[in-house]
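Descriptive analysis of the structure
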Amino acid sequence: MASDASAPVPVPAAAGQPVPKRRGSYNCGRCGLPKKGHVCSIPGPASASANGGGGGAKAGEPPQPPPQQQNKPRRALQFDDPAVKVEEEEEEEAVVVVVDAVPVSMAPPPLPPPALAAGRKRPRVEVVHVDEEEVGEGEEEEDSGPGWVDLGAGRRAPGEVLVEVLRRMAPRGVAAAAGVSRGWRECARRVWRGAEEVRLRANSVRPVGALMARCPALARLVLRMDSDVDATMLACIAFSCPNLQSLDISMANNAVNRISGDELSRFVSEKRSLSVLKLDICSSLGFLNVSSSSLSTLWLSGLCSLTKAVMNCPNLNELSLDFPKQNNDSTDLVALMDSLGRTCPNLRNMHVSSIRLCNEAVFALESANLRGLCMLSLVLGSKITDAAVASIVRSYASLELLDLSGSSITDNGLGMICNAFPDTLTRLLMALCPNITSSGVQVAAAQLPLLRLMDCGKSICAKPQPEDGRSYFGDLTGGIKFCSKLPIQKKQQPNYQKLIIKHSHLKKLSLWGCSAIDALYVNCPELVDLNLNSCTNLHPERLLIQCPKLKDVHVNGCRDMLIGAIRSQVLNEFAAAELRLPCKRLADGSKRVHVPHFMMEQLEEPEKWGRPRKSQCTVHLN
């Protein structure tokens, strides 16, 4: 029974042919997919016709098993138990081959066209790109750039061009541009990220902190505050701007600076990269104790009653201290000047404005031994006399700017200045100095050949009439009235002075408020600005201005006839144009004849195109 079971079952000859079915197979026998509209790409086993055409066994050979199992259509997933273990293994191998070689019909659908794919994927990619930049701004996104930005109405522009446009706008405009679209927001971010200097006007600390958080590379900050400023502002700046190099805070609309001396000292000591510090209205400091090795410029205005002033800044190059004009200031300027030489040896530019300036403060500055000083400005020191000028001459040998406005120096002091700095001084300011005369000004202009700027405003003024030249009488109420006599007024006429300025390099001359000048002659070929405001006694007939490069003339408060004379000279409104060659001699030299008109046009043509046109001068009435 066992042998009979293992022997192969005889198959009739007709069994080699496919057995007809009552209904057709719905699935392919090789891949298992539906047959309808299907072309199978998997090659099947060799058919029976390839073995002899009839499919029967050849003579002398044992009969072969019928290929019914190979040609029988099967499903891709069949669960029928095979009759022989070998057939099961062969079927498993066939299944593995089918899985590895996936037909085209089973492959995933082809990718859409590039345009369609970009259209489907672009919004998602852009959203991810923007989110990544919001979380962290990498170097790759920084280098990629904003690309093309939609400007509206179907127009686009490169992102780099829009970034350059936004950089020239105010912070408020850049913030508004960020709300236009995603591309504009990216350009605005690039502007903030690359901003090195920001000028902002704010009314509280909040907008300042929000803006500085967007500017990691900020190095220079200029603030115009409409509200009070205290230590919160300094803490916000110190936290948000680690690389800050320059800070300028000014006040507007009666805002108050409440920063104290302790807070300012702590801020300067913590900001090791800070080199420029400018603060306005520093009336709440109380004392000044600044210690920094990086600070090179320090401007403090509105100082009042400093109990202590110590500045330990070895690299300080420029110092400006502005005190109020009230008499309630109690700052010891002598001690302040004395300490500058020990703590600030590299000081080159110095400006101090205070009514408490005196000769002793200048003498203390002499002991400071500031040999490298190039600019010295001591303003509103009415107690500064020629003795202080002598100390300045002894202490400094290379001054380029000297400002003694508001002092009591005389013409002798001007003479010492001219003898000491003929080769270095380029700017001399001596406004509000009532003891100098036009003679001293003329000497200064003649002996200082490198002078570029000279200011003598409100210095050459007419002296008031003395009291002994007046007659007085009593009235019924017991008061006293003064009335000037006509002969006394005539005796005051010689007090008027004449001024002659002839200089080859002078560019700016200021004579505002010089009411004692009645005659003026200015011959400066390089002069571009002339200030004659409130020169009330200057006669039009005694005015001569020969300045071909003059651009601005200020005549506010002058008489109408003087303004007309100035216009006629600087604007050439009434000057007749002279002919270059109006006449020509004959060949034999017998007589002179007029040049024909066509020859004059030929002569004027090179002059028209070869020479630069004369600049138009502006007369300012306000």
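Residues numbered from 1 in each chain as written. Predicted model: local features only at pLDDT ≥ 70, side-chain atom pairs only at ≥ 80, totals over all residues. Heavy atoms only, no water.

Per an unreviewed UniProt entry, the chain is named F-box domain-containing protein, and its organism is Urochloa decumbens.

**Observations regarding the overall build of the chain**
Within the chain, the regular secondary structure consists of 19 helices and 26 strands. Looking at the chain residue by residue over its 622 residues, the buried ones come to 35%. If you take every contact in the chain between residues at least 6 apart in sequence, the share linking residues at least 24 apart comes to 55%. Of the roughly 37,500 Å² that the chain leaves accessible, carbon and sulfur atoms contribute 54%. (Helix = DSSP H or I, 4+ residues; strand = E, 2+ residues; numbered from the N terminus. Buried < 20%, exposed > 50% of the residue type's maximum accessible area, 1.4 Å probe, protein only. Contact = heavy atoms within 4.5 Å. Areas by Shrake-Rupley, 256 points an atom, 1.4 Å probe, with all protein chains shown as cover.)

**Side note on the sheet that holds strand 20 (residues 517-523)**
The parallel open sheet is built from three strands, whose spatial order is 18-20-22. Either end of the sheet is taken by a strand with one partner, and the two such strands are strand 18 (497-502) and strand 22 (543-546). Averaged over all pairs of adjacent strands, the angle between strand axes in this sheet comes to 15°, irrespective of strand direction. Relative to strand 22, strand 20 is paired through four bridges, and the arrangement is parallel. Across the sheet, residue Y521 finds its bridge partner in strand 22, namely L544. (Pairing = 2+ DSSP bridges. Axes fitted to C-alpha atoms, helices over the stretch in contact; angles between N-to-C directions.)

**Looking at the packing of aromatic side chains**
The relative placement of two aromatic rings is captured by the distance of their centres and the angle of their planes. For the structure on display, the rule yields zero aromatic pairs. Directly above the ring of W299 sits K278, whose terminal nitrogen or CZ lies 3.8 Å from the centroid. (Phe/Tyr/Trp six-rings, centres within 6.5 Å; stacked < 30°, edge-to-face > 60°. Lys NZ or Arg CZ within 6 Å of the ring centre and 35° of its normal.)

**Topic: the pattern of salt bridges**
Scanning the entire structure with this criterion turns up eleven salt bridges. A salt bridge links E186 to R193; its shortest N-O distance comes to 3.4 Å. Assigned by exposure class, E186 and R193 land together as buried. Residues participating in the shared-partner salt-bridge network are E164, R167 and R168. (Salt bridge = Lys/Arg side-chain N within 4 Å of Asp/Glu carboxyl O.)

**Some thoughts on the nonpolar core**
Grouped together as the largest cluster of nonpolar side chains are 133 residues, with contacts concentrated most on I237, L247, M311, M337, L428 and M454. Among the elements that make up this core, the one with the highest residue count is helix 8 (residues 182-194) (five residues). Not counting chain neighbours up to four residues away, the residues in contact with L428 comprise L402, L414, I417, A444, L448, L451, L453, M454 and D455. (Core = buried A, V, L, I, M, F, W, Y, C linked by side-chain atoms within 4.5 Å.)

**Observations regarding helix 16 (residues 438-447)**
Those residues of helix 16 that sit buried are S438, G440, V441, A444 and A445. Each buried residue of helix 16 lies within a common arc of 160° when the element is viewed along its axis, so the set occupies one face. Check the buried side of helix 16 and you find it contacts helix 15 (411-420), strand 14 (427-429), strand 15 (453-455) and strand 18. (Arc of directions from axis to C-beta.)

**Some points on the pairing of strand 10 (residues 318-322)**
Strand direction decides the pairing type here: strand 8 (residues 297-301) and strand 10, joined by five bridges, are parallel. Bridged to T297 within strand 10 is E318.

**A short note on unusual backbone geometry**
Even without being a glycine, L380 presents a positive backbone phi close to 70°. Relative to the assigned elements, L380 resides in the loop between strand 12 (375-379) and helix 14 (386-395). Phi is positive for K458, close to 60°, though the residue is something other than glycine. Within the fold, K458 resides in the loop between strand 15 and strand 16 (470-474). A relative accessible area of 40% places K458 in the partly exposed class.

**With respect to the pairing of strand 2 (residues 155-158)**
In this structure, strand 1 (residues 148-152) lies alongside strand 2, joined through four bridges in antiparallel fashion. When the sheet's bridge partners are listed, V149 is paired in strand 2 with A157. Hairpin connection from strand 1 to strand 2: two residues lie between these consecutive antiparallel strands, with A153 at a positive phi of about 60°.

**Overview of the environment of G564**
Residue placement: G564 occurs in helix 18 (residues 560-570). Exposure remark for G564: the relative accessible area of 33% places this residue in the partly exposed category. Put simply, G564 and P540 are 24 residues apart on the chain and 8.2 Å apart in space, counted from C-alpha to C-alpha.

**Section: the state of the cysteines**
Taken as a whole and assessed by the stated rule, the structure comprises zero disulfides. You can see C514 has no disulfide; the closest cysteine sulfur is in C535, sitting 5.6 Å from it. (Disulfide = S-S within 2.5 Å.)

**A word on the side chain of S515**
Looking at the secondary structure, you find S515 in the loop between strand 19 (508-510) and strand 20. Residues contacting S515, with those up to four places away along its chain left out, are I460, C461, A462, Y496, T536 and N537.

**Considering a nonpolar patch on the surface**
A contiguous nonpolar surface patch, about 240 Å² in accessible area, is contributed by V161, V165 and M169. Within the secondary structure, M169 is located in the loop between helix 6 (159-167) and helix 7 (171-177). (Patch = residues over 30% accessible without salt bridge, like charges linked within 9 Å, V, L, I, M, F, W, Y side chains within 5 Å.)

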